[in-house]
Amino acid sequence: MIQPSDIHTLTEFKRDSSAVLERLESSRRPQVLTVDGRARVVLLGVEAFEGLMALVDRAETLEGIRRGLEDEKAGRTVPLEQAMAEIRKRIRRHGKRPRSA
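Throughout, a residue's number is its position along its own chain's written sequence, starting from 1. The predicted nature of this model means local features are confined to residues of pLDDT at least 70 and side-chain atom pairs, given and counted, to a pLDDT of 80 or more, with totals for whole chains, interfaces and linings taken over all residues. Values reported for side chains reflect all heavy atoms of the structure, with hydrogen atoms and water molecules removed beforehand.

(A) View of a nonpolar patch on the surface. A contiguous nonpolar patch, built from Val42, Leu44, Phe49, Leu52, Met53, Leu55 and Val56 and spanning about 590 Å² of accessible area, is present on the exposed surface. Every helix listed is a DSSP run of H or I at least four residues long, and every strand listed is a run of E at least two residues long, numbered separately from the N terminus. With five residues, helix α3 (residues 46-73) is the single largest residue contributor to the nonpolar patch. As for its placement among the helices and strands, Met53 is situated in helix α3. Every patch collects residues that have over 30% relative accessible area and no salt bridge, joining them within 9 Å if they carry like charges and within 5 Å if they are nonpolar side chains (Val, Leu, Ile, Met, Phe, Trp, Tyr). Using a 1.4 Å probe, the Shrake-Rupley method yields the accessible areas, and only the shown protein chains count as cover for residues. By salt bridge we mean one thing: a side-chain nitrogen of Lys or Arg within 4 Å of a carboxyl oxygen of Asp or Glu.

Listed below in structure tokens is the structure:
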């Protein structure tokens, strides 16, 4: 959760960015920059950003799996051999050779 001590004006950041970055690293919490009293930017440390991106990747993967299971349940799938035959046909139609596995 954002704490009041994690909120800084953009002017403050411009004046002493090293102090804001130091607080970011020592607190390991996001720092919020405001303009005209409104939050405009959130600064994250690299570890926090990478953690968020890992969560996004996981959520996207789980959503893809969920959609795939839903498609399978609803009968919106084809056997692998049929899918591969269609892919080969499309590749030949466009003049490209399929790569050997």
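(B) Summary view of unusual backbone geometry. Phi at Arg28 takes a positive value of approximately 60°, unusual for a residue other than glycine. Here Arg28 is to be found in the loop between α2 (17-27) and β2 (31-35). A residue is classified by how much of its surface remains accessible, and Arg28, at 62% relative accessible area, is exposed. Non-glycine residue Asp36 carries a positive phi angle of around 55°. Structurally, Asp36 can be placed in the loop between β2 and β3 (38-43). Each residue is placed in one exposure class: buried if its accessible area under a 1.4 Å probe, protein chains only, is under 20% of its type's maximum, exposed if it is over 50%, and partly exposed if it falls in between.

(C) Broad picture of the pairing of β3. By the convention used here, strands pair only if DSSP detects at least 2 bridges between them. Examined bridge by bridge, β2 and β3 share five bridges and lie antiparallel to one another. Residue pairing in the sheet places Val32 in a bridge with Val42 of β3. What sits between β2 and β3 in their antiparallel hairpin is a turn of two residues, with Asp36 showing a positive phi close to 55°.

(D) Structural view of the side chain of Thr34. Considering the arrangement of structural elements, one finds Thr34 in strand β2. The exposure class assigned to Thr34 is buried, which follows from its relative accessible area of 13%. With residues near it in sequence (within four places) discarded, Thr34 still touches Ile7, His8, Thr9, Leu10, Ala39 and Arg40. Every residue pair with non-hydrogen atoms within 4.5 Å of one another is taken to be in contact.

(E) Seen up close, the sheet that holds β2. With mixed pairing, three strands are arranged side by side in an open sheet as β1-β2-β3. Across the chains shown, the open sheet's two edge strands, defined by having one partner strand only, are β1 (7-9) and β3. If you compare each strand with its neighbour and ignore which way they point, the axes differ by 35° on average. Note: β1 against β2, three bridges, orientation parallel. Residue Ile7 lies in a different strand from β2, and its bridge partner there is Val32. Contacts from α2 reach β1, β2 and β3, with the element oriented near 145° to β2. With axes taken as lines fitted to C-alpha atoms, and helix axes fitted only over the stretch in contact, angles between N-to-C directions fall between 0 and 180 degrees.

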